[in-house]
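# Reading the structure
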Amino acid sequence: MTHPIQALTPDDLPRVASEAQAEANSFEHTIHVCTAAGCLSQRSDQVKQNLEREIHAHGIAHCRVKGVGCMGLCSAGPLVSLRPEKTLYQKVQPEDAGAIIEHLGNAPVARLECETDRPFFTQQTRIVLANSGEIDPERLEDSIAVGGYQQLAHVLTDLSPNQVIEQIMHSGLRGRGGAGYPTGLKWSTVAKARGERKYVICNADEGDPGAFMDRSVLESDPHRVLEGMTIAAYSIGASEGYIYIRAEYPLAIKRLQTAIRQAERAQLLGRNILGTAFNFHVHMRLGAGAYVCGEETALIASIEGKRGQPRPRPPYPAESGLWHSPTLINNVETYANIAPILAHGPDWFAGIGTERSKGTKVFALAGKIVNTGLIEVPMGTPLHTIIQDIGEGIPDGQRCKAVQTGGPSGGCIPADYLDTPVDYESLNAMGSIMGSGGMIVMDEHSCMVDVARFFMEFSMSESCGKCLPCRMGTTEMYELLTRIVKGHASLADLTLLQELCETVKQTSLCGLGQAAPNPLLSTMKYFNDEYLAHIIRHTCPAGLCHFAETEQEAQV
Amino acid sequence: MMQSAPPLSAEEKRWRMVTATMRKNGYAPDALIETLHTVQNAYGYLDTTTLRAVANALHVPPSQVYGVATFYHAFTLKPEGRHRCILCQGTACYIKGSQPLLEAITKTYHIEPGETTEDGEISLLTARCLGSCSLAPAAILDHEVVGNLTPEHVLDVLKDWRTV
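We now turn to the structure provided with this report. As the structure is a prediction and not an experimental result, all values here were calculated from the model.

## Examining the overall build of chain B
Per the secondary structure count, chain B includes seven helices and four strands. Along chain B, helices (α) and strands (β) appear in the sequence α-α-α-α-β-α-α-β-β-β-α when read from the amino end. Expressed along its principal axes, the backbone C-alpha trace of chain B runs to roughly 60 × 40 × 30 Å. Burial statistics for chain B: of 164 residues in total, 49% are counted as buried. A fraction of 59% describes how many contacts in chain B between residues 6 or more apart in sequence connect residues 24 or more apart.

Next up, the structure:
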């Protein structure tokens with residue numbers, strides 16, 4: 001067993017990295033087993049155990065099994081990958097361990113092999129996910145071997161806080177939590193704000209149903225996020241930080257705790273980081289299941305131990321946030337982008353993506369699509385590339401009807417507009433939002449009125465109740481939508497819905513209420529005929545809604 | 001002869017876990033949510049007596065403790081059944097048919113989400129999203145994430161819970 005890494009200085013990092021690489025190279029074969037939540041729930045931990053047992057039983061000394069983070073293609077899990085052969089095995093069961101070990105160094109096990117020259121693998125650009133599926137998220141050495149914390153060392157020894165902020169500004173990075181506020185600008189505002197204490201917060205309260213990007217990043221490469229947070233803290237002058245994470249993500253919490261402990265022991269976090277005068281302590285706070293806590297002022301209230309209710313802005317958290325101190329809040333994926341930007345330079349990052357949306361975006365692809373899982377594509381990639389090429393289309397020969405982005409705050413983009421590029425502006429123009437990265441594909445079996453009702457139910461019960469337009473508006477909109485799917489509505493109700501949408505959008509206090517009408521507005525815009533079919537003809541084009549009660553009442 | 005301290009009762013052990021969390025956070029009022037998480041883990045739910053004790057220890061008004069306890073979905077003020085079935089109601093699960101699962105259970109066992117069967121065996125809960133979207137429709141059946149569910153499959157598992 002190797003000893004845990006102790007108190008590092010900037011000069012130690014390359015040494016630790018080369019030692020870890022040398023150790024890795026001493027093995028002829030390395031077997032990567034995905035141990036992220038998706039594959040784990042399909043017994044990948046037993047696959048790993050069996051592989052280890054088989055290696056031991058066969059007396060192979062030059063081979064090791066490594067638990068790694070998410071490899072992306074969750075629908076084919078549990079995934080196992082061989083290095084250096086780069087063979088990928090899919091749907092591996094614990095019983096398959098023997099066959100895999102016996103075929104080591106020979107032709108791969110044909111029945112398990114997963115083609116890797118498919119668009120799913122070739123059309124992605126992995127920056128945030130570069131280390132996902134490559135490193136063991138529970139070993140600091142693995143992270144350092146692929147360049148982890150080297151940018152932190154570079155920043156602390158060579159750059160002033162302002163120089164870091166300039167680089168981030170120059171890169172054009174925008175917040176990955178959904179709204180797309182320029183990250184560099186946010187940092188410079190907090191850096192300039194007056195205050196004795198400042199705080200850095202990482203928003204890992206991934207509340208959008210159908211989104212699991214942040215969880216995967218934290219499960220697969222937690223040190224990358226910690227490094228980004230620490231660089232942010234140095235740039236704005238903070239010495240304390242919080243990670244606000246959903247309690248529903250036990251594995252991500254555990255790996256993050258391990259990573260924090262390892263980093264503190266190695267002097268990469270805590271006091272005198274890398275032997276410099278810079279201190280930064282990170283605490284974890286568990287969310288307790290409230291979607292509204294993704295809103296920054298509500299999140300701050302929750303960290304302070306209160307009900308997660310938002311407050312009017314200004315003052316913005318950049319001036320008065322956690323305990324009335326200037327506070328920087330960024331999303332997990334935003335922090336994960338920091339180290340690569342500094343490593344390759346802001347020009348490199350600005351060269352990826354579109355004119356106003358730079359870099360890549362991670363999406364959680366789910367719903368009626370062949371390849372579900374985690375993908376990362378350059379900004380500006382057209383939706384049809386994601387759906388048809390990377391996702392390999394809709395299963396069972398069905399047709400794509402709509403793509404939903406942005407969760408309950410986003411909208412549905414109809415199949416006719418699949419040439420829309422995914423960037424902040426184009427998605428807004430379509431009546432949707434980028435959101436945090438959930439992308440749900442729907443086929444002809446989905447009723448768009450019912451989809452709107454599904455999201456309205458979500459917004460209604462997640463509304464914190466502080467402001468009236470959101471509290472009452474979402475309830476009324478939900479009632480009206482229920483009337484439509486039950487066949488009780490009239491055309492006047494549709495006009496009323498339209499008016500309500502405008503009112504709630506314009507007058508709600510926070511983003512939850514302001515964006516709650518989006519799913520409704522976008523479906524009314526693109527699928528108006530479905531609304532009319534429900535109201536006038538009492539039929540559901542998707543065949544999902546039942547009007548039995550209405551018919552009976554009509555007969556009585 | 002040395003007399004050893006009497007063994008701790010189950011109740012004392014639970015309360016020790018709660019005080020450990022509060023102590024770790026320096027009895028700061030902002031540790032309320034962390035403390036309630038521990039109470040929920042130790043007791044299975046938040047009962048009024050414990051909520052009062054937490055309010056006292058952290059110097060937070062009981063009204064505020066109650067306010068926080070009822071605001072967040074993770075906390076429940078009712079004891080739960082021996083088995084827990086948490087159905088995911090996320091978008092991907094909804095698109096792939098989580099409603100039929102929910103209907104099957106509510107119809108068979110006459111319980112709504114958040115309720116427990118009369119014999120205290122099964123609690124039905126819903127989750128906003130488990131993040132296991134590639135397994136949709138998914139559920140947590142007694143701590144285990146189970147995916148690609150059908151109504152028949154879920155009902156079979158619940159039936160086994162009752163007979164065991």
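There's more to say after this.
## Considerations on the overall build of chain A
The number of helices and strands found in chain A is 24 helices and 13 strands. Computed over its C-alpha atoms, the radius of gyration of chain A comes to 25 Å, within 12% of the 24 Å expected for a compact globule of 556 residues. When the backbone C-alpha atoms are referred to their principal axes, chain A occupies close to 80 × 65 × 40 Å. The buried share among the 556 residues of chain A stands at 62%. As displayed, chain A offers around 20,900 Å² of accessible surface, 50% of which is attributable to carbon and sulfur atoms. One way to put it: in chain A the 47 positive side-chain charges average out to a point 5 Å from where the 63 negative ones average out.

## Quick word on helix 22 (residues 518-526) of chain A
Residue and element names in this part refer to chain A. Most of helix 22 is tucked away: eight of the nine residues are buried. Asn518, Pro519, Leu520, Leu521, Ser522, Thr523, Met524 and Tyr526 are the residues of helix 22 that are buried. For helix 22, the secondary structure elements touched by its buried residues are strand 12 (411-414), helix 18 (448-462), helix 19 (468-486), helix 20 (491-507), helix 21 (511-515) and helix 23 (528-537).

## Things to note about the sheet that holds strand 1 (residues 83-88) of chain B
All names here are of chain B. Pairing is mixed in the open sheet, where four strands are placed in the order 2-1-3-4. Single-partner strands in this sheet number two, and they are strand 2 (122-127) and strand 4 (144-146). Averaged over all neighbouring strand pairs, the angle between strand axes comes to 25 degrees, with direction disregarded. Bridge count between strand 1 and strand 2: six bridges; the pairing is parallel. Looking at strand 2, one finds that cysteine 85 is bridged to leucine 124. Against the sheet, helix 7 (residues 151-163) engages strand 1, strand 2, strand 3 (139-141) and strand 4, with an angle of about 165 degrees to strand 1.

## Points about the packing of helix 19 of chain A against helix 23 of chain A
Residue and element names in this part refer to chain A. Running from amino to carboxyl end, helix 19 crosses helix 23 at an angle of 65 degrees, the nearest separation of the two axes being 7 Å. Looking at the two axes, helix 19 sits roughly perpendicular to helix 23. Between helix 19 and helix 23, the residues in contact are Leu481, Ile484 and Val485 and Tyr531, His534 and Ile535, respectively. Each residue belonging to the contact of helix 19 with helix 23 can be placed in one class, and the counts come to five nonpolar, one polar and no charged.

## A closer look at unusual backbone geometry
Residues and elements named next belong to chain A. Of note, the amide linkage connecting glycine 77 to proline 78 takes the cis form, showing an omega dihedral of -5 degrees. Here arginine 313 and proline 314 are connected by a cis peptide whose omega angle stands at -5 degrees. Secondary-structure assignment places proline 314 in the loop between helix 13 (296-303) and strand 8 (327-331).

## Quick look at the side chain of Ser446(A)
For Ser446(A), the location among the structural elements is in the loop between strand 13 (438-443) and helix 18. Setting aside residues up to four positions removed in sequence, Ser446(A) forms contacts with Lys401(A), Val451(A), Ala542(A) and Ile95(B).

## Some points on the layout of surface pockets
Residues and elements named next belong to chain A. Empty space within the second largest pocket amounts to approximately 1,500 Å³. Along the wall of the second largest pocket there are 50 residues; nearest its centre are Gly177, Gly178, Ala179, Gly294 and Glu295. At the level of secondary structure, the elements contributing two or more residues to the lining of the second largest pocket comprise helix 9 (183-192), strand 8, helix 17 (424-429) and helix 21. When residues in the lining of the second largest pocket are grouped by element, the largest group, five residues, is from strand 8. Grouping the amino acids of the lining of the second largest pocket by side-chain chemistry returns 17 nonpolar, 20 polar and 13 charged.

## Examining the pattern of salt bridges
Residue and element names in this part refer to chain A. Across all of its chains, the model carries 34 salt bridges over all chains by this definition. Between glutamate 295 and arginine 313 there is a salt bridge, and its shortest N-O distance comes to 4.0 Å. Of the two residues, glutamate 295 sits in the loop between strand 7 (281-286) and helix 13 while arginine 313 sits in the loop between helix 13 and strand 8, which places them 18 residues apart along the sequence. For aspartate 493, the salt bridge goes to arginine 483, with nearest N and O atoms at 3.4 Å. You can see aspartate 493 sitting in helix 20 and its partner arginine 483 sitting in helix 19, a full 10 residues away along the chain. Residues joined by salt bridges that share partners form a network here, namely Glu23, Lys66, Arg139 and Asp142.

## A closer look at the packing of aromatic side chains
Geometrically, a pair of aromatic rings is defined through the distance of the ring centres and the angle of the planes. Within the structure shown, the criterion is met by 13 aromatic pairs over all chains. Aromatic pair Phe120(A) and Phe121(A): ring centres 5.2 Å apart, planes at 75 degrees, arrangement edge-to-face. With a centroid separation of 6.3 Å and an interplanar angle of 80 degrees, the aromatic rings of Tyr72(B) and Phe75(B) are classed as edge-to-face. Given the relative accessible area of 2%, Tyr72(B) is considered buried. Through pairs of rings, three or more aromatic residues link up here, namely Tyr199(A), Tyr242(A) and Trp323(A). The residue whose ring lies beneath Arg215(A) is Tyr249(A), and the NZ or CZ to ring-centre distance is 5.8 Å. In this structure, Arg14(B) is placed above the aromatic ring of Tyr43(B), and the distance from its NZ or CZ to the ring centre is 5.5 Å.

## Comments concerning the environment of Gly373(A)
Considering the arrangement of structural elements, one finds Gly373(A) in strand 10 (residues 373-378). Every residue in contact with Gly373(A), bar those within four places of it in the chain, is listed here: Gly72(A), Cys74(A), Phe212(A), Phe363(A), Ala364(A) and Leu365(A).

Reading the values: rules and limits
- Residues numbered from 1 in each chain as written.
- Chains lettered and ligands numbered in written order.
- Predicted model: local features only at pLDDT ≥ 70, side-chain atom pairs only at ≥ 80, totals over all residues.
- Heavy atoms only, no water.
- Helix = DSSP H or I, 4+ residues; strand = E, 2+ residues; numbered from the N terminus.
- Buried < 20%, exposed > 50% of the residue type's maximum accessible area, 1.4 Å probe, protein only.
- Contact = heavy atoms within 4.5 Å.
- Rg over C-alpha atoms; globule rule 2.2 N^0.38 Å.
- Areas by Shrake-Rupley, 256 points an atom, 1.4 Å probe, with all protein chains shown as cover.
- Lys, Arg positive; Asp, Glu negative; His and termini not counted.
- Charge placed at Lys NZ, Arg CZ, Asp CG, Glu CD.
- Pairing = 2+ DSSP bridges.
- Axes fitted to C-alpha atoms, helices over the stretch in contact; angles between N-to-C directions.
- Parallel < 35°, antiparallel > 145°, perpendicular 65-115°, else oblique.
- Nonpolar A, V, L, I, M, F, W, Y, C, P; charged D, E, K, R; others polar.
- 1 Å grid on protein atoms, 1.4 Å probe; cavity = no way out; pocket = protein on both sides within 12 Å on 5 of 7 lines; lining within 4 Å.
- Points joined across faces, edges and corners; volume = space filled by probe spheres on them.
- Salt bridge = Lys/Arg side-chain N within 4 Å of Asp/Glu carboxyl O.
- Phe/Tyr/Trp six-rings, centres within 6.5 Å; stacked < 30°, edge-to-face > 60°.
- Lys NZ or Arg CZ within 6 Å of the ring centre and 35° of its normal.

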